[in-house]
Amino acid sequence: MAGQLPPPPPPQWVLDLTSTTTPSKPKSGSIPDPPGFTSTTALTTKQSKSSSKAITPRKQPSPDEMDTLKLKKAWELALAPAKQLPMNAIGMYMSGNSLQIFSIMMVFMLFKGPITAVLNIQSTFQRLETETNRTQMLGVKAAFVGCNLLALALGLWKVNGMGLLPTTRSDWLAWETAREPLERAYYVPS
Amino acid sequence: MRVPWIAATFFLARSALAVFADEAWNVDYHYALLGLPKQSTSFFHQPNPSSRASLIYTLSEEGVLGAVNPRDGSVVWRQLLLSEALAYNVSFLRAGEGQDTVISGIGSQVAAWSAADGRQAWILDTAGPLQDVEILELSDGRETAGAKDAIALSGGEHPAVVRIDGTSGAIKWQYQWDGVDQPYQVSASTTEVFAILLHKTLLGYVKLKVVSLDPVTGRKTDEHVVSSENELASAETIVSVGANSASPIVAWTNSAHSVLKVNILGTKEISSFNIEAHDSHAVERVEIHAPYHTNSLSHFLVHYETATSHWADVFHIDLKNSKIEKAYSLPKMTGKGAFSTGTSDANVFFTRVTRDQVMTVSSASHGVLGRWAVAGFGVAAGPGESVEPVHAVSEVSIKGTSVSAVRSAVLLSTGDWVLLRDGSPVWNRPEVLASTVSATFAIPAEVQEFVQQLEAEAHGNPISAYIHRVTRHLQDLQKLPAIMASLPQRIVQGFLGTSADGGIASDSFGFHQIIACATRDGRLVALDAGNPDKVLWNQQVADLQLGQTWQPSVSSPEGGIIEINSKASAGVRYNASTGEQLFSILPIDETAGEVALPVKYAIHKGELDATVDTKMAWHFTPMSGERIVSLVPRPVNDPVASIGKVLGDRRVLYKYLDPNLALLVTANDVTKAATFYVLNTISGAILYSNVHSGVDLGSPISSMLSENWFAYSFTAEASANSPKGHQLVAGELFESLVANDRGPLSASANYSSMQTGTEPFTLAQTYQIPEPISHMAVTRTRQGITSRQLLAVLADSSAIVGIPYGVIDPRRPVSRDPTKDEQMEGLVRYSPVLDFDPKWYLNHQREIVGIKDVVTSPALLESTSLVFAYGLDVFGTRLSPSFSFDVLGKDFNKFQMLATVAALAVATFVVAPLVARKQVNARWQFA
């Protein structure tokens, strides 16, 4: 055997094993994926990457255009809660005023949504905010807060309808005390 | 919204007011009582002459005729002959040999009753009060085939002896006499009827006069005086007049009980016997026990009793020459004893019951035929009290020549009626409770301590309360070994549902309260409301002479203590758990030491007087012609949870809450009007009054006042536009009828009725009810959160109903449907006729007879109120007017709950590896 033969091509399983594709994060936390496993998501992203390469790049908009676009987008975001309002109102109306787990959950969601939205207002508008549209963004934010307050008001209306607001005399009755008589009379059976 | 929620609960509650089937005979208890039996009216008798099974018949001191099954002590039937019990009334009960009827005599009524089922055969009213009733045991050919005839002796203005037909109750003949001779007793031999009359001499002594009558025609055949001029000071020393024996006798003693004189009726000779004193004590009582059958041997037993001992002599009557001879003596024994007569064919047996043995002798000789030791009667008595037999009736079973068994129904000095089979108690009936005149609930001392600890924790500041609780639990750890030991048993019982929930000491629900009953004969009897089968203790607290009465009122001023107040003694206190008298505690007026001097008011000479510190405060005189029927003050301890009523639209209607309220009922006998006043008892002001005319004042008028509402009922006579009917009126007092308005005093912290006379706004509504209510009470709970029930005693149907307040609410809308808001409150449209829902009946199918009063007490659980009714019968139950919202019912299936948990645990363990394998496979296998 003078002429050294090139080593035979590694079998497919070796190739699979040594392939550089990093094993994707396993779906189910504790169990590691088997070696050589390629997750379907990794495959699809590859494919999409390859397909996006085919599209020709669009012309970049100018910063002014970007600002208008961002502002437009911001207004869209700010008015989104107001758009949900009629639907919420109908939902609330339909769920009735009785104290049931369903209506309680709905009311809870109704309160949670606006409050978290207002708390996260900075992060919501951060990526749309630029140096130039900052002043305009203030108005947008105010509108956003206003819309959320409207949603809160709807929640309050609902809660009031359910009788959970202590607005009537009977709600404070437990704190009213009976008048103490200064004299006492006792019956003496004869 | 809270209101609809409450309303919804209320509606659900109304639709489901039924008791759970498993609680119906569990939480309630009932003693069907007869009252203390009397020696002369109690006997064993075969209701069906062909069968040997006998029942015990008695006509008690309460005027109740009944038959008791000697096997288990249950009442077979009973009849209330007197609606108003008279102590020591004169009553008679006789049963002819081999007859299926018993004949009773009480007041002026003679009646025959079927012995088997208590149905009335006939009833006859005599001209005057009855003095005696006997059954005529003779065979003169005129007798009808059926029931034997009865003879009755009546007194009054025209005393008479009457022979009554046994089947129809018609009078066969009547013998009347004029003159001053008082009728005493009647007696019959097989050939003659004797009427014994008392003839008053000029010196005030009495003489016995015997009138012989022909039983067929009723004509007088002979008359003679048997006792000498000044032998008898009064009729009280006449010992006995025998009847229906082969030779009836009359016996009397002199007033010192030293000589016994006996006369055989129909003869003139008097046999005289000296009563030997066996010790230094004088003979106090002499009694004669003789068989009640004409074909029995004519032997009788004389029972002598001193304060410390008793003995007896047996006498034989020689029928041929009418001589009486002493046959033998039964030896003296210490303590009291009871003798009873039993017959078998002609033989006569005497049974002697003493505190430690039962002994049977034949009348012929003194040989003891049977002797059984009595280990105990199995009844509760007071500390240091020895239980003595008072009287007995017995039935002797004879096998050959020996006595095989003796059944004796013995009345004990504790008021228990016990059946002894030979020497062992089979059952006991606490007949003493039938004469209960006052009763109260008392919390046992142990529970009271627990309550106080809980209250300390509730009202202290959080940190100290927490420390208090931890130390309490650490102390509780000492009980751990005992609890651990009993744990397996408790778990098993919990599963099987047989747990008898603990004793008095470990009562965390407050169901085991002690009920103290003061009885007419001066005893105090304590029952456990949670375990009513047993009497806790029973003792004599008042030493009453014969015929003397007392009006005790028992109360529980604090936990663990029972206090008796009567005219003679003010505030004697007893330990509720043991019955020991507490000596060291002086009765303290708990009303003293308050801010101002209390007003005390009482009914005095038909008027209502109120005093403050001996000065007259106010004075209520009924209008002319009116008399006070009753006065019901608001209970002193009447907690109210909410000071207002929440309306459907969540506004508030404020209640008029004044602790100083009383409901006064007056009646005018001439105009047939009844007036109902709600009074302020501080100022004497009339807050509300209402007059009802055309009231049947013979029917009961009951009334009740609690919280801010009152109720009363009466019977209205028929008038031009309405028929006779029973009415229930409910009224509610409000500060103002405008919602959210607290009235003129507004939210001021305190007020004086003397200075500010606010008047309530009253709403009242009348309901037509199907029968009269003889007594009313109301449920009470710990904090007053639970809704109320009006407890109404229905004497006509022998029942107690609990009417929910919502049904009689005066705010029910009249002649229109309720609005939505009113519906949310649970108000329904007013309808004038109120039918008692069968679910309201607390007694279910039992008959609760003769209830005079109902007391209620809160349990420790807010949902529950304890109820105790007394009178003739004793009945008690637990009520949850708003359901047992704070305790799991018996219908809660513990087993199912634990099984579900266990099944889930098993499922988790089984499924976990399966899921793990599936997850691994999901990674490794490709489809």
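None of these values were measured; they are calculated from a predicted model.

The next subject is the sheet that holds strand S40 (residues 572-575) of chain B. In spatial order, the strands read S38-S39-S40-S41 (chain B); together these four strands make up an open sheet with antiparallel pairing. Each end of this open sheet is capped by a strand with a single partner; those strands are strand S38 (553-555) and strand S41 (581-582) of chain B.

Okay, empty space enclosed by the protein next. One pass over the structure, following the stated rule, counts three cavities of 30 Å³ or more. Here the largest cavity is characterised by a volume of approximately 130 Å³. Along the wall of the largest cavity there are 13 residues; nearest its centre are A:Arg179, B:Lys655, B:Tyr656, B:Leu657 and B:Glu735. Classifying every residue of the lining of the largest cavity by side-chain character gives seven nonpolar, one polar and five charged.

All names here are of chain B. Across six bridges, strand S7 (residues 101-106) lies against strand S8 (residues 109-114) in antiparallel orientation. Within S8, the residue paired with Thr101 across the bridge is Ser114. If you look at the hairpin formed by S7 and S8, you'll find two residues sitting between the two strands, and Gly107 has a positive phi there, around 65°. Connecting S8 to the antiparallel partner strand S9 (residues 120-125) that follows it, the hairpin turn spans five residues, and Gly118 within it adopts a positive phi of roughly 80°.

Below, the discussion takes up the interface of chain A and chain B. Across the boundary between the two partners, chain A contributes 32 residues, which contact 44 residues of chain B. Of the roughly 3,700 Å² buried between chain A and chain B on both sides combined, carbon and sulfur atoms contribute 55%. On the surface where chain A and chain B come into contact, there are three salt bridges. Across the contact surface, chain A and chain B share 21 residue pairs in polar contact (both at pLDDT 80 or more). Of all the secondary-structure elements, those providing two or more residues to the side of chain A that touches chain B are strand S1 (180-181) and strand S2 (185-187) of chain A. For the side of chain A that touches chain B, the leading source of residues is S2(A), giving three residues. A class-by-class count of the residues in the side of chain A that touches chain B yields 15 nonpolar, eight polar and nine charged. Pairing of S2(A) with strand S42 (residues 599-604) of chain B involves three bridges; the strand directions are parallel. Residue A:Ala185 lies in a different strand from S42(B), and its bridge partner there is B:Val599.

For the rest of this paragraph, the subject is the domain arrangement of chain B. Looking at the assigned domains, one finds that chain B contains domain 1 (3-29 + 595-747 + 756-879), domain 2 (335-429), domain 3 (435-474 + 507-588) and domain 4 (894-927). Between domain 2 of chain B and domain 4 of chain B, the C-alpha centre-to-centre distance is 72 Å.

Now for the sheet that holds strand S35 (residues 514-519) of chain B. Residue and element names in this part refer to chain B. Pairing is antiparallel in the open sheet, where four strands are placed in the order S34-S35-S36-S37. Both edges of this open sheet fall to strand S34 (436-442) and strand S37 (535-540), since each of them pairs with a single strand only. Between one strand axis and the next, the sheet turns through 15° on average, direction left out of account. Examined bridge by bridge, S35 and strand S36 (residues 523-528) share five bridges and lie antiparallel to one another.

Criteria and thresholds
Residues numbered from 1 in each chain as written. Chains lettered and ligands numbered in written order. Predicted model: local features only at pLDDT ≥ 70, side-chain atom pairs only at ≥ 80, totals over all residues. Heavy atoms only, no water. Pairing = 2+ DSSP bridges. Helix = DSSP H or I, 4+ residues; strand = E, 2+ residues; numbered from the N terminus. 1 Å grid on protein atoms, 1.4 Å probe; cavity = no way out; pocket = protein on both sides within 12 Å on 5 of 7 lines; lining within 4 Å. Points joined across faces, edges and corners; volume = space filled by probe spheres on them. Nonpolar A, V, L, I, M, F, W, Y, C, P; charged D, E, K, R; others polar. Contact = heavy atoms within 4.5 Å. Buried area = accessible area lost by both parts, 1.4 Å probe. Salt bridge = Lys/Arg side-chain N within 4 Å of Asp/Glu carboxyl O. Polar contact = N/O pair within 3.5 Å; in protein donor to acceptor, adjacent residues only side chain to side chain. Domains from an automatic or database assignment. Axes fitted to C-alpha atoms, helices over the stretch in contact; angles between N-to-C directions.

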